[in-house]
Amino acid sequence: MPSVNIPDEHHILRYAKRRDLRTVVDTDENEIVIGLARDAFKLRDDETTLSVTWIEYFQGDFSEQKVGAVKAFRPTFTSSAKPPYPGAFGVGLVGDTKLAADSYGHKIRILHEPDNNPGHSAVHRIPRDHDDLFEKLATEVFADFFLNSEIS
Amino acid sequence: MSGSVLLKQVREAILAPPTIFPWSDDKASIGPGGIANLELQQMPVGFNLAHIPATPHFQSGVGQFACGTPKSIARPLEEEVYDVLADAKIKTRLIGNHIPRDWQVRLFGQLDRLHDIEEWELGDRPMRKESYHTFLSVILSVRPSVRPGLGLSHKGDLLGTWGEPHDRITLEFMPSARLRWTIASTSDGQLVRSAGDAPASDLEKYLAPFDPAHWWHRSAER
């Protein structure tokens, strides 16, 4: 079955572990999450593509689709599936992701490649070492985020 | 003596509360070579390294504090994490009279939570000791009243962020007393980002145009 290009106007979800989150300490001395950090978009040594989940693959309005995407993702990353549900998810537009990479000379492709997660998709041709691009993705493209713990 | 028994004694020594003062007016004297070469005679009152027995694992001088096995032998990740956290807490306690007590306690909690390896993936590294040494040097220099939010790069460099979502600075504390910074702030609805890297000793010079005090201290304290 050929891989499907996800439309530019659709959204993808990227999971970030606790150590890949950007946090600050508020006036109550609590450490709060303000977004994803650069290394949330870095390939691991054993990866050739960046894994994301296609949100619009799932049914319902956008909020329901996000919940569907989270619940489909969780079994593939088991520590995210147990209370207190650590980490967070960044939400980005496919088109903005491609534009960001293109601005640094990288033509990426984002393809639907279902596995145990039916919404699993892969970002192809993302560079292995490009801190500026990863910082842009974290700060701008995936600036919209929510905590894993917000989804029961 | 087994490594696990030694580490237990180190942990008990760390938990023995030293005498702690509020931020001192004196600059911390950490000697040449930085935090890593902190000499025993510069310890603050109350911290007694005599709790820790002399063994072949230890050499003179705290900077040579070694809790692990020879590098040629791969260690379990849990042991590495314990070693790194012990080193960080000992180094922090050794300059404890320059860092407020509540700061230390909360910082240790942050470091512990950051090293919850249950959700780590293959290749995730614990904090590099040299990165934490750079962090301590910067903290002693800048003396922020606000603690940073903490993260870890894949390589194990500590990341500290101050500010708020639309106006923040992130410092990446690298070995060899180097820093990388990224700044993101919103001005007239536009996101402006800046980045750079330099020796930690030059941090204030390069950040001066951004008025970094507004990140290090809450407005009521300035």
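Source: prediction; values computed, not measured.

Criteria and cut-off values
Residues numbered from 1 in each chain as written. Chains lettered and ligands numbered in written order. Predicted model: local features only at pLDDT ≥ 70, side-chain atom pairs only at ≥ 80, totals over all residues. Heavy atoms only, no water. Helix = DSSP H or I, 4+ residues; strand = E, 2+ residues; numbered from the N terminus. Rg over C-alpha atoms; globule rule 2.2 N^0.38 Å. Buried < 20%, exposed > 50% of the residue type's maximum accessible area, 1.4 Å probe, protein only. Contact = heavy atoms within 4.5 Å. Areas by Shrake-Rupley, 256 points an atom, 1.4 Å probe, with all protein chains shown as cover. Buried area = accessible area lost by both parts, 1.4 Å probe. Salt bridge = Lys/Arg side-chain N within 4 Å of Asp/Glu carboxyl O. Polar contact = N/O pair within 3.5 Å; in protein donor to acceptor, adjacent residues only side chain to side chain. Nonpolar A, V, L, I, M, F, W, Y, C, P; charged D, E, K, R; others polar. Expected span 1.5 Å × (residues − 1). Pairing = 2+ DSSP bridges. Axes fitted to C-alpha atoms, helices over the stretch in contact; angles between N-to-C directions.

Explain the overall build of chain A here, please?
Counting its secondary structure elements, chain A contains three helices and nine strands. When the helices and strands of chain A are read in sequence order from the N terminus, they spell out β-β-β-β-β-α-β-α-β-β-α-β. Here the C-alpha atoms of chain A give a radius of gyration of 15 Å, agreeing with the 15 Å that 2.2 N^0.38 yields for 152 residues. With respect to the principal axes defined by its C-alpha atoms, chain A has extents near 50 × 35 × 30 Å. Counting the 152 residues in chain A, one finds 55% classified as buried. In chain A, 69% of the contacts between residues at least 6 apart in sequence involve partners at least 24 apart. Of the roughly 6800 Å² of accessible surface on chain A, a fraction of 50% belongs to carbon and sulfur atoms.

Help me understand the interface of chain A and chain B, please; the structure alone is not making it clear to me.
By a frequent convention, interface size equals the accessible area lost on bringing the separate parts together. Each partner contributes to the interface: chain A provides 31 residues, whereas chain B provides 36 residues. Between chain A and chain B, a total of about 2900 Å² is buried, with carbon and sulfur atoms accounting for 43% of that surface. Linking chain A to chain B there are 11 salt bridges. Taking the shortest distance from any N to any O, the salt bridge between K17 of chain A and E121 of chain B comes out at 2.9 Å. On the surface where chain A and chain B come into contact, there are 22 residue pairs in polar contact (both at pLDDT 80 or more). Looking at the side of chain A that touches chain B, the elements with two or more residues in it are strand 3 (21–25), strand 4 (31–36) and helix 3 (131–141) of chain A. Considering each element in turn, the side of chain A that touches chain B owes the most residues, six residues, to helix 3 of chain A. Residues that form the side of chain A that touches chain B fall into these classes: eight nonpolar, four polar and 19 charged.

When you look at helix 3 (residues 101–114) of chain B in this model, what are you seeing that I'm missing?
An α-helical turn contains 3.6 residues, so a residue and the one three or four places further along point in the same direction. With 14 residues, helix 3 of chain B should reach 20 Å at 1.5 Å per residue; the first-to-last C-alpha distance of 20 Å fits that figure. In the core, the buried residues of helix 3 of chain B are packed alongside strand 3 and strand 4 of chain A together with helix 2 (77–94), helix 4 (129–142), strand 1 (149–152) and strand 2 (158–164) of chain B.

Looking at this model, I keep getting lost on helix 2 of chain B. Mind explaining?
The terminal C-alpha atoms of helix 2 of chain B lie 26 Å apart, and with 18 residues this matches the ideal 26 Å at 1.5 Å per residue to within 8%. Summarising burial for helix 2 of chain B: 14 of the 18 residues are buried, a large majority.

What should I look at first to understand the sheet that holds strand 2 of chain B in this one?
Residue and element names in this part refer to chain B. In spatial order, the strands read 1-2-3-4-5; together these five strands make up an open sheet with antiparallel pairing. The open sheet has two edge strands, strand 1 and strand 5 (190–199), and neither has a second partner. Ignoring which end each strand starts from, the neighbouring axes of this sheet average 20 degrees apart. Looking at chain direction, strand 2 and strand 3 (residues 167–174) are connected through seven bridges and run antiparallel.

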